[in-house]
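Observations on chain architecture
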Amino acid sequence: MDYLKLREEPLKSAVREDYFGSYKYTQIGNIDFVIAKRESEKGQRFLEGVESYEVKSILWAEAKQGTSHDIYESFVQLILTIGKEKTFEKCLPPKYIGAFDAEKFAFIEYHKIQEVFYQNDFNWNVTPSNHESKEFKQLHELCENLLSENSILFKYKSQSEELKEFIKLNFKTDKDIFEKISVTKNNFTFVFQKWSDAVKPTIEVEWEKAKKAGIISADFFLADLLSSENESLKDSLYVVLKKTKYELAKKIDELGFETFKSVGFNDKQKAHKEFWAIYERPPKEEYWDYIIERRDLLVPQDIRERKGSFFTPRIWVEKSQAYLADVLGETWQDDYYIWDCCAGTGNLLNGLTNYRKVWASTLDKQDVDVMKDRIHNGWPMFENHVFQFDFLNDCFDKCPEELRAILNDENERKKLVIYINPPYAEAATTRTKTGTGAAKDEVARGNKVFEKYGEAMGGAANEIFAEFLIRVNAEIQCCKLAQFATLKALCAPNFAKFRAIFSAKLLKLFVVPADTFDNVNGQFPIGFFIWDTEQKRGLPLSIQADVFERDGEVAGTKFFSEPPEKHLLMDWLKTLHDKAGERIAYLRMLGSDVQNNGGVFITTSPSDSDLKQRKTCDLTKNNVLQLSVYFSVRLCIEATWLNDRDQFLFPNDGWQSDREFQSDCLIFTLFHGQNRISNSSLTIPNYFIPFTEDQVGSKKAFKSNFMSSFIADFLAGKVCVSSGGLFDGGVAGAAPAEGVAEDAASGCSEGETAPFKFSPQAQAVYDAGLELWKYYHEQKNANPDAAFYDIRKYFQGEKNGRMNNASGDERYTELIDDLRAKQKALAKKIEANVYKYGFLK
């Protein structure tokens, strides 16, 4: 059938009839196209009254009419739809997700993309159909390679029979029997969530107290899941099911007797029986190792952060071991001992070849049991090399004898590699730093390493990974330290004290996107560091690092170094503060690194919390030019995962005599989206209209002509910045511009006072902005004092207090798109000067 002329709904009906006629078509949330199994009459009778039963979806898909849509973008829109509505928590996930249009149909197995939904701090609350949102682009970048490598695509015209055969083989209907829901690597996290709702409350455990004791519900679920006839099939796990009760914490007492704790049910096991009447257990044996190894996905987020229950992607495990071979020699596994002292379930140690020289320890007995179970199932690790150990509290006397002998011998320590991906939790969060939350004292401060080294570590003592590093450096001297972590130890200003006492020499570093790691979302680099604690480095700490993209391909190199103390951009900004001049706006400032650029904007209505925490400085008629430079330097370079932690620095003096750079920055500031000046302020009028009434066709006079006069005087050479500084007559304002100092040009050279023109890029932005202003003033209800923000809000509207991303006004859309394109060109021009004048290295 020819689908080309069909709109979306008729297209869905046609595709359903032609290819999915023997299946049930249903609706789940806002997912376009849902295909499920039809139940037999026997199955329907069985399920009557079973509240927790879920429709057995086979396929969730995104539909698009026509043929012009990027199939990967359709997949991303579907993923955003599922993530926004948390469909994966409410409904049993399907075997496949798909995307189709009038030409083609593509599929990918759900389990290939399921970890996308477990990212930290990803903003799912966006419109899935808005392909221009930051979140859509971020998710598209994350998923593009995954989709291209794993999706299966069929074209109706040439592959119709193949598509039907694919559906027949993979979407089995099983009409004749009732079938329990199988638990697979595809859906075991969903089944765990359902189990947590239905079964967990009926187990006679006080979960909050149990959690503090290191006992979590995930282990009870695994005991249930990996069982038959209510008897666990794996006695090596921390918790096992024994008919009507669970047994846990087995150990042998001093008399040789086996002891354990047991716990039963508070409802005579009723909910337990009902739940496992619906879900099939045990799963196919081929899934057991995967589910046990991915126990971390069932661990509560706060525990994962604190204890390091995170899965290092195989691609980076292999890359790290290749780098160790490059630094230590091809025979490094024979020449060195290896200890992963925060091993979790041991996946960082996969791929090693000489397990006689490898040890793995972890905080939780449960993870020790998982590793030993893996050994029983073929992992070539030695069972007596796996042990429970709290690296931040325990003394080394608790280590196995052979490892303890190595730790106590300096020459042997020189042949020891501490190989870790340590926990990343910190005591301070964004909320504590902004005064809206309490520090999580037990996270990084409630241990002996903090007691011993915390004061000397400074701000780094809030980070668990830094505590691992400092103990290794101080107490296992002469070893090699190979570790994954963020770049804070290398680049963060608040790690200055840490770097002063962590003296190891950095031998090698590669960096990768953080969101390639399990359950990590942000766009920033994670590095693999190889340190030599025997060699002492020189200062400052710096290195040329290799850069890898998420697919493992080399993307080049990048230079990283520790920031100079008291020489950051924030230190420069302090020299520009004007407490005496007339305030015309507030500059909101945040940090000195790229990751905080989103917190930089100008406004006439700062929040009470920003004022209280002194996150603003006054933008006055005397420093408007300089603060425009600060604003532009922070925002002209697009943030990427690689530059996210780059530190802006105190510039050299060259920018002061570059009037074209200054004017570029002024125009960039006036027409940037982070210019949030609004006429709605009750205390400050709008001083930021860059045009006159005649230029825009305003029917009424503006309350302020400051900015248009300032621009005119700047181009006429009446405004300049000299090397004298802000309060030495070196900052010039324009005499006619409503109160700017008349003697402002006193410190300027003759060349700096000659008239000049905007650069072509700045002029293009200015002209595009003028066309937008003129169009706005053609509107019947135009406010003469409207700011750039107000004009955008007028055409785009708002919902729930936030400006919409787009407008239905075609002419406005054309004008704002043109302005943004010209603004991008201006940003590129400013960027070159950011490096020229030393704002960035």
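Residues numbered from 1 in each chain as written. Predicted model: local features only at pLDDT ≥ 70, side-chain atom pairs only at ≥ 80, totals over all residues. Heavy atoms only, no water.

A look at the sheet that holds strand 6 (residues 152-155)
Pairing is mixed across the open sheet formed by 6 strands, whose spatial order is 1-2-3-4-5-6. With one partner strand each, in any of the chains shown, strand 1 (24-26) and strand 6 form the two edges of the open sheet. Ignoring strand direction, the axes of neighbouring strands in this sheet form an average angle of 25°. Here strand 4 (residues 96-100) runs beside strand 5 (residues 104-109); their pairing, made up of 5 bridges, is antiparallel. Following the sheet pairing, Ala-99 is matched in strand 5 by Ala-106. Contacting strand 4, strand 5 and strand 6, helix 6 (residues 156-170) crosses the sheet at an angle of about 130° to strand 6. (Pairing = 2+ DSSP bridges. Helix = DSSP H or I, 4+ residues; strand = E, 2+ residues; numbered from the N terminus. Axes fitted to C-alpha atoms, helices over the stretch in contact; angles between N-to-C directions. Contact = heavy atoms within 4.5 Å.)

What to know about the environment of Thr-486
Secondary-structure assignment places Thr-486 in strand 18 (residues 480-486). Expressed as a C-alpha distance, the spacing of Thr-486 and Phe-524, which sit 38 residues apart in the sequence, is 8.1 Å. When sequence neighbours within four positions are dropped, the list of residues in contact with Thr-486 reads Phe-465, Phe-524, Pro-525 and Phe-529.

Considering unusual backbone geometry
The amide bond that connects Arg-281 to the next residue, Pro-282, takes the cis arrangement and shows omega of -5°. Checked against the element boundaries, Pro-282 lands in the loop between strand 13 (279-280) and helix 11 (288-293). Despite not being glycine, Lys-268 shows a phi value in the positive range, around 60°. Relative to the helices and strands, Lys-268 resides in the loop between strand 12 (258-263) and helix 10 (270-276). Lys-268 gets classed as exposed once you look at its relative accessible area, which sits at 78%. Its identity as a non-glycine residue notwithstanding, Arg-614 has a phi of 55°, on the positive side. Looking at the element boundaries, Arg-614 is found in the loop between helix 25 (608-612) and strand 25 (616-620). (Buried < 20%, exposed > 50% of the residue type's maximum accessible area, 1.4 Å probe, protein only.)

So, the layout of surface pockets
Taken as a whole, the second largest pocket spans an internal volume of roughly 1200 Å³. Elements with a minimum of two residues in the lining of the second largest pocket: helix 5 (134-150), helix 11 and helix 13 (314-328). Considering each element in turn, the lining of the second largest pocket owes the most residues, 6 residues, to helix 5. Residues of the lining of the second largest pocket, tallied by class, amount to 13 nonpolar, 11 polar and 12 charged. (1 Å grid on protein atoms, 1.4 Å probe; cavity = no way out; pocket = protein on both sides within 12 Å on 5 of 7 lines; lining within 4 Å. Points joined across faces, edges and corners; volume = space filled by probe spheres on them. Nonpolar A, V, L, I, M, F, W, Y, C, P; charged D, E, K, R; others polar.)

A closer look at the pairing of strand 4
Burial runs high along strand 4: 5 of the 5 residues are buried. Side chains Tyr-96, Gly-98 and Phe-100 project from strand 4 onto one buried face, and the interleaved Ile-97 and Ala-99 project onto a second face that is buried too. Where strand 3 (residues 57-63) and strand 4 come together, 5 bridges link them in parallel fashion. Looking at the pairing, Ala-63 lines up with Phe-100 of strand 4.

Side note on the nonpolar core
Within the largest apolar cluster, 75 residues are counted, with the highest numbers of intra-cluster contacts made by Leu-587, Phe-661, Ile-667, Phe-688, Met-707 and Phe-839. Counting residues per element, this core draws most heavily on helix 31 (residues 760-776), at 9 residues. Ignoring sequence-local partners within four residues, the contact set of Ile-667 consists of Phe-758, Ala-762, Val-765, Tyr-766, Gln-823 and Leu-826. Ranked by size, the runner-up nonpolar core spans 53 residues in total, among them Ile-420, Ala-461, Ile-476 and Phe-495. (Core = buried A, V, L, I, M, F, W, Y, C linked by side-chain atoms within 4.5 Å.)

Some remarks on the pattern of salt bridges
Considering all chains together, one arrives at 37 salt bridges under this definition. Measuring nitrogen to oxygen at the nearest pair gives 3.0 Å for the salt bridge that ties Lys-234 to Asp-373. Separated by 139 residues along the polypeptide, Lys-234 in the loop between strand 9 (231-232) and strand 10 (239-242) and Asp-373 in helix 15 (residues 365-376) bring together distant segments of the chain. Both residues of the pair, Lys-234 and Asp-373, belong to the buried class. Between Glu-475 and Lys-452 there is a salt bridge; the shortest N-O distance is 3.3 Å. Highlighted residues: Glu-475 in helix 21 (residues 464-475) and Lys-452 in helix 20 (residues 448-457), separated in sequence by 23 residues. Given a relative accessible area of 57%, Lys-452 falls into the exposed group. (Salt bridge = Lys/Arg side-chain N within 4 Å of Asp/Glu carboxyl O.)

Describing a negative patch on the surface
A surface patch of like charges, here negative, comprises Glu-149, Glu-549, Asp-551 and Glu-553. Its location among the elements puts Glu-149 in helix 5. The exposure class assigned to Glu-149 is exposed, which follows from its relative accessible area of 61%. (Patch = residues over 30% accessible without salt bridge, like charges linked within 9 Å, V, L, I, M, F, W, Y side chains within 5 Å. Areas by Shrake-Rupley, 256 points an atom, 1.4 Å probe, with all protein chains shown as cover. Lys, Arg positive; Asp, Glu negative; His and termini not counted. Charge placed at Lys NZ, Arg CZ, Asp CG, Glu CD.)

Observations concerning helix 26 (residues 624-635)
One turn of an α-helix holds 3.6 residues; hence residues three or four places apart share an orientation. Spanning 12 residues, helix 26 covers 16 Å between terminal C-alpha atoms, matching the ideal 16 Å at 1.5 Å per step. Here helix 26 lies mainly inside the structure; 12 of its 12 residues are buried. Of the positions making up helix 26, those classed as buried are Val-624, Leu-625, Gln-626, Leu-627, Ser-628, Val-629, Tyr-630, Phe-631, Ser-632, Val-633, Arg-634 and Leu-635. (Expected span 1.5 Å × (residues − 1).)

Some words on the sheet that holds strand 23 (residues 583-588)
Here 3 strands make up an open sheet; going across it, the order is 24-23-25 and the pairing antiparallel. Each edge of the open sheet carries a strand with a single partner, namely strand 24 (601-603) and strand 25. Put simply, the sheet's adjacent strands are angled 35° from each other on average, direction ignored. One ladder, built from 5 bridges, connects strand 23 with strand 25; its direction is antiparallel. From the neighbouring strand, Leu-587 faces strand 25, where its bridge partner is Cys-617.

Structural notes on the confidence of the model for the protein chain
Averaged over every residue, the pLDDT of the protein chain is 86; the share at 70 or more is 88%. Counted against residues more than four places away or in other chains, residues 428-441, with its pLDDT under 50, gives 19 contacts. (pLDDT = per-residue confidence, 0-100.)

Some thoughts on the side chain of Arg-295
Within the secondary structure layout, Arg-295 lies in the loop between helix 11 and helix 12 (301-307). Its relative accessible area of 2% is what places Arg-295 among the buried residues. Those residues in contact with Arg-295, other than ones at most four positions away along the chain, are Ile-216, Asp-219, Leu-222, Gln-366, Asp-367 and Val-370.

Describing the state of the cysteines
Two cysteines whose sulfur atoms are joined by a covalent bond form what is called a disulfide. For the structure shown, the criterion picks out 0 disulfides. Left unpaired, Cys-665 is separated from the closest cysteine sulfur, that of Cys-636, by 7.4 Å. A relative accessible area of 0% places Cys-665 in the buried class. (Disulfide = S-S within 2.5 Å.)

Remarks on the side chain of Ser-592
Mapped onto the elements, Ser-592 comes out in the loop between strand 23 and strand 24. If we ignore the near neighbours within four places in the chain, the residues touching Ser-592 are Leu-568, Leu-569, Met-570, Arg-634, Asp-646, Gln-647 and Phe-648.

Quick notes on the environment of Ser-151
Of note, Ser-151 is situated in the loop between helix 5 and strand 6. Ser-151 sits 44 residues away from Phe-107 along the chain, and the two C-alpha atoms are 5.4 Å apart. If near-sequence neighbours (up to four positions away) are discounted, Ser-151 is found in contact with Tyr-72, Phe-75, Phe-107 and Ile-108. Of note is the side chain of Ser-151, whose polar atom sits 2.5 Å from the backbone oxygen of Leu-147. (Polar contact = N/O pair within 3.5 Å; in protein donor to acceptor, adjacent residues only side chain to side chain.)

Looking at the packing of aromatic side chains
Within the structure shown, the criterion is met by 79 aromatic pairs. Consider the rings of Phe-20 and Phe-105, whose centres lie 5.9 Å apart with planes at 50°: the pair is tilted. Here Phe-20, found in the loop between helix 1 (8-19) and strand 1, pairs with Phe-105, found in strand 5; they are 85 residues apart in sequence, far enough to count as distant. Judged by its relative accessible area of 1%, Phe-20 falls in the buried class. Plain terms: the ring middles of Tyr-687 and Phe-706 are 6.3 Å apart, the flat faces sit at 85° to each other, and that makes the pair edge-to-face. Linking Tyr-687 in the loop between helix 27 (659-670) and helix 28 (693-696) with Phe-706 in helix 29 (residues 706-715), this pair joins segments that are 19 residues apart in sequence. Three or more aromatic residues joined by ring pairs form one cluster here, namely Phe-20, Tyr-23, Tyr-25, Phe-33, Tyr-96, Phe-100, Phe-105, Phe-107, Phe-154, Phe-166 and Phe-171. Against the face of Trp-207 rests Lys-200, its NZ or CZ located 5.2 Å from the ring centre. One cation-aromatic arrangement involves Arg-471 over Phe-391; the distance from NZ or CZ to the ring centre is 5.1 Å. (Phe/Tyr/Trp six-rings, centres within 6.5 Å; stacked < 30°, edge-to-face > 60°. Lys NZ or Arg CZ within 6 Å of the ring centre and 35° of its normal.)

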